[in-house]
Amino acid sequence: MTEMFTTMGSTLASFMFVWAIIRQYCPYELRRFFEKYTQKITGYFYPYIRVSFHEFAGDRLKRSDAYSAVEAYLSANSSKSAKKLKAEMGRDSRKLVLSMDEYERVTDDFRGVKVWWLLSKSVSAARQNSYYPEQEKRFYKLTFHKKHRDIITEKYLEHVVSEGKEIRVRNRQRKLYTNSPGFKWPSYKQTMWSHIVFEHPASFETLAMDPEKKVEIIEDLMTFCKSKDYYAKIGKAWKRGYLLYGPPGTGKSTMIAAMANLLNYDIYDLELTAVKDNTELRKLLIETTSKSIIVIEDIDCSLDLTGQRKKKSEKSSDDENDKLSKEIAKKEAKEEIGSKVTLSGLLNFIDGLWSACGGERLIVFTTNYVEKLDPALIRRGRMDKHIELSYCTFEAFKVLAKNYLSLEMHPMFDTIQTLIGETKITPADVAENLMPKSSLDDAEKSKEEAAKEEAAKKEEAAKKEAAKKEEAAKKEKEGKDEAAKNEKEAKEEAAKKEKEEAAKEEAAKEEAAEKEYAARKKAGIKENGQTKADAFQSQVDKETENVL
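The structure displayed is predicted, hence computed values, not measured ones.

(A) Representation of helix α14 (residues 413-422) in the model. Of the residues making up α14, those classed as buried are F413, I416, L419 and I420. The buried residues of α14 occupy one face: seen down the axis, they fall within an arc of 120 degrees. Across α14 from its buried face, at more than 90 degrees, point the exposed residues D414 and G421.

(B) How the structure looks around the sheet that holds strand β6 (residues 137-145). Judged by pairing direction, the sheet is antiparallel, and its 4 strands sit side by side in the order β1-β6-β5-β4 without closing on themselves. Each having just a single partner strand, β1 (48-54) and β4 (105-110) make up the two edges of the open sheet. Shown here is a sheet whose adjacent strand axes are inclined to one another by a mean of 25 degrees, direction ignored. Of the strand pairs in this sheet, β4 and strand β5 (residues 113-122) are connected by 6 bridges, and their pairing is antiparallel. Paired with F110 across the strands is V113, a residue of β5. Packed on one face of the sheet, helix α3 (residues 65-77) meets β1, β4, β5 and β6 and runs near 65 degrees to β6.

(C) Here's a closer look at unusual backbone geometry. Residues other than glycine seldom take positive phi values, yet N264 does so here, at roughly 60 degrees. By secondary structure assignment, the location of N264 is in the loop between α7 (252-263) and β10 (266-269). The exposure class of N264 is partly exposed, given its relative accessible area of 28%.

(D) Fine view of the side chain of R174. Within the secondary structure, R174 sits in the loop between α4 (149-171) and β7 (175-179). Side-chain polar atoms of R174 contact the side chain of N264, separated by 2.9 Å.

(E) Main features of the packing of aromatic side chains. Counted according to the given criterion, the structure contains 13 aromatic pairs. On the numbers, 5.3 Å between centres and 55 degrees between planes, the contact of F110 with Y156 is tilted. Residue F110 is found in strand β4, and its partner Y156 is found in helix α4; the two are separated by 46 residues along the sequence. With a relative accessible area of 0%, Y156 lands in the buried category. Relative to W238, the ring of F224 lies with its centre 6.0 Å away and its plane at 45 degrees, an arrangement referred to as tilted. One end of the pair, F224, is in helix α5 (residues 211-225); the other, W238, is in the loop between α6 (228-234) and β9 (239-245), and 14 residues separate them in sequence. Taking relative accessible area as the criterion, F224 reaches 2% and is therefore assigned buried. Since its relative accessible area comes to 16%, W238 is described here as buried. The structure contains a cluster of three or more aromatic residues connected by ring pairs, namely F53, F110, W117 and Y156. We note R240 situated over the ring of Y242; from NZ or CZ to the ring centre the distance is 5.8 Å.

(F) Seen up close, the nonpolar core. In terms of nonpolar packing, the biggest core is built from 27 residues, with F204, L221, M255, M259, I293, L362 and V364 touching the most fellow members. Where this core is concerned, the elements lending two or more residues are α5, β9, α7, β11 (292-296) and β12 (361-367). It is α7 that contributes the most residues to this core, 7 residues altogether. Filtering out sequence-adjacent residues up to four positions away, M259 remains in contact with F204, L221, Y242, I293, L362 and V364. Membership of the second largest hydrophobic core comes to 26 residues, among which are W193, Y268, I299 and M383.

(G) Fine view of the pairing of β5. Linking two consecutive strands that pair antiparallel, namely β4 and β5, is a turn of 2 residues; a positive phi of about 50 degrees is found at R111 within it. Bridge count between β5 and β6: 7 bridges; the pairing is antiparallel. In the sheet register, L119 faces β6, and the bridge partner there is Y140.

Cut-offs and rules
- Residues numbered from 1 in each chain as written.
- Predicted model: local features only at pLDDT ≥ 70, side-chain atom pairs only at ≥ 80, totals over all residues.
- Heavy atoms only, no water.
- Buried < 20%, exposed > 50% of the residue type's maximum accessible area, 1.4 Å probe, protein only.
- Helix = DSSP H or I, 4+ residues; strand = E, 2+ residues; numbered from the N terminus.
- Arc of directions from axis to C-beta.
- Pairing = 2+ DSSP bridges.
- Axes fitted to C-alpha atoms, helices over the stretch in contact; angles between N-to-C directions.
- Contact = heavy atoms within 4.5 Å.
- Polar contact = N/O pair within 3.5 Å; in protein donor to acceptor, adjacent residues only side chain to side chain.
- Phe/Tyr/Trp six-rings, centres within 6.5 Å; stacked < 30°, edge-to-face > 60°.
- Lys NZ or Arg CZ within 6 Å of the ring centre and 35° of its normal.
- Core = buried A, V, L, I, M, F, W, Y, C linked by side-chain atoms within 4.5 Å.

Rendered as structure tokens:
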């Protein structure tokens, strides 16, 4: 017995040594050649058939639905016989879901036919020593006897897929996904999305907004999720876009969570700044599942997608041209470092050919400044429904009072209704004032704080209004003073002109008078000269008469 074990050990050791030498020095292509034809030869004598279900088919763009169905089916049927299992939390974190671990083999029986399942994975030998190993290709392998080919391929596989889908629905746990920057995706990573369990408690019942608008949104969502055949009839992809806009703190993110809880959808929170280019954006879209909401929050701040088209400007001097060239070079270098997602790429993401991959999706954009967005981005057909979430109304306040204070009526409601009608305050500000700050806070204190806050807001608004009126009155007075001053200056100018005209007229009169006086004076000299001559002649005649 001892010699037998010694001989066996020596033989195994020799075989392992020879196999190691072959793997070390025999080219990989030669080994593949021998393996290929060895499998062909053994296939003639091997009575079993193998069927593989790979996790990613083709170019790994989308996870195989068949693989997911098999995984769900075996998770429910393998836990009793498998010895190596992996556990995950199930729906609503109520129980553990067990499934096969890697390289585990289980047996299943269908109508008296015995089959074997194996979970395995493969990695290319050419990349095993690289810094980033190649994507691990996981797959399930089904083995059965060839005499049962018809019943397995026609009945059993259909049974596995249908039951697997039902199990997936029962155990489905809603998730919140996010994407990482492209340079952080190692080649062995299973998907471009990372996720956590989605546990947000928001609902439309607790959402602070106008009841009529709330009912309108709920009806629109429920109509969409039941309209698969209608969308196929009209020839449109089964998706719908929602634009949520309004000031900060008006409940846009809470609205998204309420939509997901109402429809039982997953959420994909897409961070555009982490997407390298349009190609990666398409890959992210393809890897999203149906029954999901794709969210881009604060899209006006994510990238330069606000519609400011680049315009060419002409420069008159060489210095200005050089300066412009330097600025363009700096901008291009900055863009190479960051995201290269373009407006065109985002439009195709929303409404292009790739948007039809999958179905039953909502695409939601949020923004604080809707006027900054390019009209092509938010037109009907891309963003089908525009929902404005504005400041808190009295109806929204009553919802908050019921949520936080369990109050439906109160004597202070009339005062609060008046104050809310006169003051712009967001639901987030109201909720913060209703929130207890310690274990000693009670409803009355919260209500008093809310009333004080409302009064302070009203007083501040009144002060601002008074300041505006005072400023307007001041400007009006300044305008009147300026007009009076201008009128006074105009009158003074007219009086001055009138005086100048009077002075000119007076001067003309004086000149005329002087001329008249001069004429008269000249005439008087002549008259006086004749009189003296006559007087002299009279005197001469008189003296002559006396002498005689």
